[in-house]
Amino acid sequence: MRLLTLMAAMMGVVAIPFATLHAEDIQADTENCIPLQQIRKLQVLDNRHIVFQMQMGKNYLNTLPRSCPGLRRDKPVMYKTSITQLCSLDIIYVLESYGGGYQAGTGCGLGEFTLASDGDIKALKASLKKTKE
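Residues numbered from 1 in each chain as written. Predicted model: local features only at pLDDT ≥ 70, side-chain atom pairs only at ≥ 80, totals over all residues. Heavy atoms only, no water.

### Looking at the overall build of the protein
Here's step 1: Along the backbone of the protein there are 2 helices and 10 strands.
Here's step 2: Reading the helices (α) and strands (β) of the protein from amino to carboxyl end gives α-β-β-β-β-β-β-β-β-β-β-α.
Here's step 3: Within the protein, the proportion of its 133 residues that are buried is 33%.
Here's step 4: Taking the intrachain contacts of the protein between residues at least 6 apart in sequence as the baseline, contacts between residues at least 24 apart amount to 53%.
Here's step 5: About 8500 Å² of surface is accessible on the protein, with carbon and sulfur atoms providing 53% of the total. (Helix = DSSP H or I, 4+ residues; strand = E, 2+ residues; numbered from the N terminus. Buried < 20%, exposed > 50% of the residue type's maximum accessible area, 1.4 Å probe, protein only. Contact = heavy atoms within 4.5 Å. Areas by Shrake-Rupley, 256 points an atom, 1.4 Å probe, with all protein chains shown as cover.)

Okay, here's the thing in structure tokens:
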């Protein structure tokens, strides 16, 4: 975050305090695809934001173009892809529990993957929590 703040100051941009950080405020490297084999874990923040925790400690925030009905922190998700990467054109599915198993439910398109620091993710979580209140 210090690097982002320093870069913002050099470009004459006002830094945004953590308390008011939103996903669209995280200005970092974006990727259209991330390698599947490097995804360690994913964390759903709400119906529009998913954090993909990667090997080597990187986080990619994916902000879906639209809210995804049924996407919640306590619901598992799955994705299918025919290549070795997960891309912004791919669809994630919320898994619904049926008869002791899971079945794909709502499908939602992914957005771009934005490289985000642990501090950025923490601030976004706080901002989303504050918005709910």
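### What about the state of the cysteines?
Here's step 1: A complete count under the given rule lists 2 disulfides for this structure.
Here's step 2: Through a disulfide, Cys-33 is tied to Cys-87; the S-S separation comes to 2.0 Å. Judged by the sign of its S-S torsion, about 110 degrees, the bond between Cys-33 and Cys-87 is right-handed. Of this pair, Cys-33 sits in strand E2 (residues 33–35) while Cys-87 sits in strand E7 (residues 85–87), placing them 54 residues apart in sequence.
Here's step 3: Under the relative-accessibility criterion, Cys-33 is labelled partly exposed at 23%.
Here's step 4: Relative accessible area serves as the criterion here: at 10%, Cys-87 is assigned to the buried category.
Here's step 5: Two residues share a disulfide in this structure: Cys-68 and Cys-108, whose sulfurs sit 1.9 Å from each other. Since a negative S-S torsion denotes a left-handed disulfide, the Cys-68-Cys-108 link at about 80 degrees is right-handed. (Disulfide = S-S within 2.5 Å.)

### Digging into the sheet that holds strand E8 (residues 91–98)
Here's step 1: Spatially, 3 strands are ordered E6-E8-E9 in an open sheet, and the strand pairing comes out antiparallel. Whereas interior strands pair on both sides, the edge strands pair on one side only; in this sheet they are strand E6 (77–79) and strand E9 (101–109). The sheet shows a mean angle of 40 degrees between the axes of neighbouring strands, direction not considered.
Here's step 2: Direction of pairing for E6 relative to E8: antiparallel, over a ladder of 3 bridges. (Pairing = 2+ DSSP bridges. Axes fitted to C-alpha atoms, helices over the stretch in contact; angles between N-to-C directions.)

Shape is all these values report; function is a separate question.
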